[in-house]
Amino acid sequence: MADLQSVLDDVAREAIEATDRGAVANYIPELAKVDPGRFGIAVALPDGQVHCAGDAQMAFSIQSVSKVFTLTMALGKHGDNMWSRVGREPSGNPFNSIVQLEQEQGRPRNPFINAGAIAVADLILSGHQPREAIGEILRFIRDLADDGSITIDERVARSETAHGDRNASLAHFMKSFGCIDHPVDHVLGVYFHQCAIAMSCRQLARAGLYLAGEGRDPASGAQVITSQRARRINAIMLMCGHYDGSGEFAYRVGLPGKSGVGGGILAIAPGKASIAAWSPGLDAAGNSKLGSTALEHLTRRMGWSVFGS
Ligand code: GLU
């Protein structure tokens, strides 16, 4: 097997030199300020070691990558009952699409499109004030990453709140079908703040390790979720983690993964590694352009695709 650190150094070099970097998301103005020249990658191994290259220590807005962690929490809190609120099928539509919601009576296709993640935020809110739910999400992620310094970027949360008409439409539409229990502004408050959590590739790779370890954080020994749930979250990441680019990501990279419009991707090589890549420029489907390419090269050279080496 290739030497992991030298593979990471190679993919980082290629990414830093690349000229076609995609376009930084600009519908959340605060995200548009991020330097498109950045690239980072980190790989956390079952023994807790983390290998890094490029800007792997620089915090970025995790955006929709947070949906993996809130799904884990909602499953812990509501068990399989949560599937009455949200499906498990790929949408084949953009991340913020509203079209299927009408046909499917307000039950979003999966927990990773915006509508689905808003429904999950509503489930996490039950029994809590928004501030407590946000605190619970942040604490969960800090525990997973074993790093109490992780914070929410309030400027990003405010920027998205000020430009959140599409997400507000999705939430109101679901509420009109009786699929949201709490006031829409409370649910959106939780959702926008989870998206505004800032993490580095190193922290994100470490936080995802439980999904590579059958639900158990191999570094701390904590059983975060059952092995069956970890397997199922990985399945949903593979099928739905990159919106209408999920098929392309499975084809090129061959790993469960979840992207965010901040340019981050968390990818899981079950039993082998948790990987975080970040480059702010996005492709047409809203997924990190160089992040996907770096993961494609990394998995090929390491033989980590779930479909075989
Ligand atoms: N906060 C973003 C939104 O709701 C998340 C989208 C993403 O990262 O794909 O628009």
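Nothing here was measured: the structure is a model prediction, and the numbers come from that model.

Novice: Sorry, what's going on with the sheet that holds strand β3 (residues 50-54) here?
Specialist: The pairing of strands in a sheet happens through backbone hydrogen bonds and is either parallel or antiparallel. One open sheet accounts for five strands, arranged β3-β2-β9-β8-β7; its pairing is antiparallel. Strand pairing shows two members of the sheet lacking a second neighbour, β3 and β7 (257-259), which therefore form its edges. With strand direction ignored, the average angle separating the axes of adjacent strands in the sheet is 10°. Inspection of the sheet shows strand β8 (residues 264-269) paired to strand β9 (residues 273-278) by six bridges, in the antiparallel sense. Considered in β9, the bridge of Leu266 is made with Ala276.

Novice: Hey, could you run me through the environment of Lys77 in this one?
Specialist: Mapped onto the elements, Lys77 comes out in helix α2 (residues 66-78). According to the relative accessible area criterion, Lys77 is partly exposed, its value standing at 34%. Between the alpha carbons of Lys77 and Ser126 there is a distance of 9.5 Å; along the sequence they are 49 residues apart. With sequence-adjacent residues up to four places away left out, Lys77 is seen in contact with Leu123, Ile124, Ser126, His128 and Glu136.

Novice: Hey, could you run me through the site of the ligand in this one?
Specialist: The environment of the ligand is made up of Tyr27, Gln63, Ser64, Phe95, Asn114, Glu160, Asn167, Tyr191, Cys195, Tyr243, Gly260 and Val261. One of the side-chain nitrogen or oxygen atoms of Ser64 is found 2.7 Å away from an oxygen atom of the ligand. The contact in question runs from an oxygen atom of the ligand to an N or O atom on the side chain of Asn114, over 2.9 Å. For the ligand, whose free accessible area comes to 290 Å², the fraction covered by protein is 99%. Across the shell around the ligand, the residue classes break down as six nonpolar, five polar and one charged.

Novice: Just checking my understanding: could you explain the packing of α2 against helix α4 (residues 114-125) for this structure?
Specialist: The packing of two helices is summarised by the inter-axis angle and the distance between the axes. Close contact between α2 and α4 brings their axes to 9 Å; oriented N to C, the two are set at 45°. Relative to α4, α2 is oriented oblique. Considering only the axes of α2 and α4, their crossing is left-handed. Side by side, α2 and α4 meet where Lys67, Thr70, Leu71, Met73, Ala74, Lys77 and His78 of the first sit next to Asn114, Ala117, Val120, Leu123 and Ile124 of the second. Class assignment for the residues of the contact of α2 with α4 results in seven nonpolar, three polar and two charged.

Novice: I tried to follow the sheet that holds strand β6 (residues 197-199) on my own but got confused; where do I start?
Specialist: Across the sheet, which stays open at both edges, the three strands sit in the order β4-β6-β5 with antiparallel pairing between neighbours. Of all the strands in the sheet, just β4 (60-61) and β5 (151-152) have a single pairing partner and so form its edges. Pairing of β5 with β6, which is carried by two bridges, proceeds in the antiparallel orientation. Bridge pairing in β6 links Thr151 to Ala198. The sheet strands contacting helix α5 (residues 130-145) are β5 and β6, and the helix crosses β6 at an angle near 10°.

Novice: I would appreciate a short explanation of α5 in the present structure.
Specialist: For the α-helix, the turn length of 3.6 residues means that residues three or four positions removed from each other point alike. Over its 16 residues, α5 runs 23 Å from end to end, which matches the ideal 22 Å to within 8%, given 1.5 Å per residue. Those residues of α5 that fall on the buried side of the exposure criterion are Pro130, Ala133, Ile134, Ile137, Leu138, Phe140, Ile141, Leu144 and Ala145. Burial along α5 is one-sided: seen end-on, the buried residues are contained in an arc of 155°. Facing away from the buried side of α5, by more than 90 degrees, are the exposed residues Arg131, Arg139 and Asp143. Looking at the residues trailing α5, positive phi occurs at Asp146, about 55°.

Analysis parameters
- Residues numbered from 1 in each chain as written.
- Predicted model: local features only at pLDDT ≥ 70, side-chain atom pairs only at ≥ 80, totals over all residues.
- Heavy atoms only, no water.
- Pairing = 2+ DSSP bridges.
- Helix = DSSP H or I, 4+ residues; strand = E, 2+ residues; numbered from the N terminus.
- Axes fitted to C-alpha atoms, helices over the stretch in contact; angles between N-to-C directions.
- Buried < 20%, exposed > 50% of the residue type's maximum accessible area, 1.4 Å probe, protein only.
- Contact = heavy atoms within 4.5 Å.
- Near = heavy atom within 4 Å.
- Polar contact = N/O pair within 3.5 Å; in protein donor to acceptor, adjacent residues only side chain to side chain.
- Areas by Shrake-Rupley, 256 points an atom, 1.4 Å probe, with all protein chains shown as cover.
- Nonpolar A, V, L, I, M, F, W, Y, C, P; charged D, E, K, R; others polar.
- Parallel < 35°, antiparallel > 145°, perpendicular 65-115°, else oblique.
- Left-handed = near helix turned anticlockwise from the far one by under 90°.
- Expected span 1.5 Å × (residues − 1).
- Arc of directions from axis to C-beta.

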